[in-house]
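# Tertiary structure, described
Below are the chains, spelled out letter by letter.
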Amino acid sequence: MGVKTGFHHPLVSPPIKGGRLKEIPRSLTIGVVHRQPKNSLSREASGRIFPKGPFRAAKDKKKGVDDPMIDLHTHSFLSDGVLIPSELVRRARVAGYRAMAITDHADESNIEAVLKQIAKVAKQLNTDKSFRLVPGVELTHIPPAHIPLMVKKARALGAKVVVGHGETLAEPVEAGTNEAFIKAGIDILAHPGLVTAGEARMAVKKSVHFEITSRGGHSLTNGHVAAVAKKYGVKMVLNTDTHSPGDLITDEKALKVALGAGLDEDDFRRMQENAKELLKKNRA
Ligand SMILES: [Zn+2]
Ligand SMILES: [Zn+2]
């Protein structure tokens, strides 16, 4: 589970921290879109989330990089996030996202309630076709023996993205959790920690994605996860594991996280494509 950074009443929200990164070297920004427009609100209010201009030319050259961030791992206060789903979506839209899965922590105690509530609000918000809220879940600290049934249950309850809370170094996740999640065929193994070659081979067979994360603590093993995934051909996605609005990132920051994990721009583009394909496959 994530650590709360402070309580914020959902109606009195904290400002988004960070924002556009100005110090990124020019050599790293070629083909990368500066997705956060100067006047996000008025652009969005005009119904034009993707501003015209240099993005178009870049799109032809480097398909994928110039697409807005797709984040398949976030939390609302239905578990330990600080925002209600509607505000999380609002913040994500302003940060330049076009699609996001809310994947609140769940175990046997709350999985029905969480998925029911996310699906309910997604149905309402998705009447606006310019943004896609995808109902998902992060199965968290499930004893490995119970993981197969919980994955089935999550899908039956309508989860379009099933994330498994992997063996991060930041928490005492039970040994065997990674393996059980991969065998059960989840969509994304989040923060897999010191993932093994055997787990990687199995992930390829089961079409499970490994996650590269921008979240502090969980990101300690990004370099290892990326190296193992590349070596064995495991598909990757890059997520934020957002718990508060300051955790949302621009695509520029996402690229830097990928580079920091030892990956390159092509890998980053592929991760964005993988996220899109995953949503398509799951009819999200
Ligand atoms: Zn997690
Ligand atoms: Zn999470």
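Above this text sits the structure in question.
Our subject in this report is the structure included herewith.

The rules behind these values
Residues numbered from 1 in each chain as written. Chains lettered and ligands numbered in written order. Predicted model: local features only at pLDDT ≥ 70, side-chain atom pairs only at ≥ 80, totals over all residues. Pairing = 2+ DSSP bridges. Helix = DSSP H or I, 4+ residues; strand = E, 2+ residues; numbered from the N terminus. Contact = placed C-beta atoms within 7 Å. Axes fitted to C-alpha atoms, helices over the stretch in contact; angles between N-to-C directions. Buried ≥ 20, exposed ≤ 12 C-beta atoms within 10 Å, placed from the backbone. Right-handed = clockwise from strand over helix to strand, strands pointing away. Arc of directions from axis to C-beta.

### Let's talk about the sheet that holds strand β5 (residues 188-190)
Strand order in this open sheet of seven strands is β1-β2-β3-β4-β5-β6-β7, and the pairing throughout is parallel. Among the strands making up the open sheet, the edge pair consists of β1 (70-71) and β7 (236-239). Across three bridges, strand β4 (residues 161-165) lies against β5 in parallel orientation. Each bridged residue has a counterpart across the sheet, and for Gly164 the counterpart in β5 is Leu189. Across the face of the sheet, helix α5 (residues 111-125) comes into contact with β2 (99-106) and β3 (132-139) while running at roughly 170° to β3.

### Here we look at the pairing of β2
Of all the eight residues making up β2, seven are buried; the element is thus mostly covered by neighbouring parts of the structure. Judged from the two bridges that link them, β1 and β2 form a sheet pairing that is parallel. Across the sheet, residue Ile70 finds its bridge partner in β2, namely Ala99. Of the crossover connections in this fold, the one passing from β1 over helix α4 (residues 85-94) to the parallel β2 is right-handed. One ladder, built from eight bridges, connects β2 with β3; its direction is parallel. Bridge pairing in β3 links Ala106 to Leu139. Following the backbone out of β2, through α5 and into the adjacent parallel β3, one traces a crossover that is right-handed.

### Here's the deal with helix α8 (residues 197-206)
In an α-helix, one turn spans 3.6 residues, which is why side chains three or four residues apart end up on the same side. Looking at α8, one finds that the buried residues are Glu199, Ala200 and Ala203. Across the axial projection of α8, the buried residues extend over an arc of 100°, all falling on one side. Across from the buried face of α8, at angles greater than 90 degrees, the exposed residues are Ala197, Gly198 and Lys205. Buried residues in α8 make contact with α7 (177-183), β5, β6 (209-213) and α9 (222-232). Count one or two residues on from α8 and you reach Ser207, which has phi positive near 55°.

### What to know about α9
Within α9, the full set of buried residues consists of Asn222, Val225, Ala226, Val228 and Ala229. For α9, the arc enclosing every buried residue in end-on projection is 165°, short of the 170-degree limit, so these residues lie on one face. Buried positions along α9 lie against α8, β6, β7 and α10 (251-260). Immediately beyond the C-terminal end of α9, within one or two residues, lies Gly233, with a positive phi of roughly 80°.

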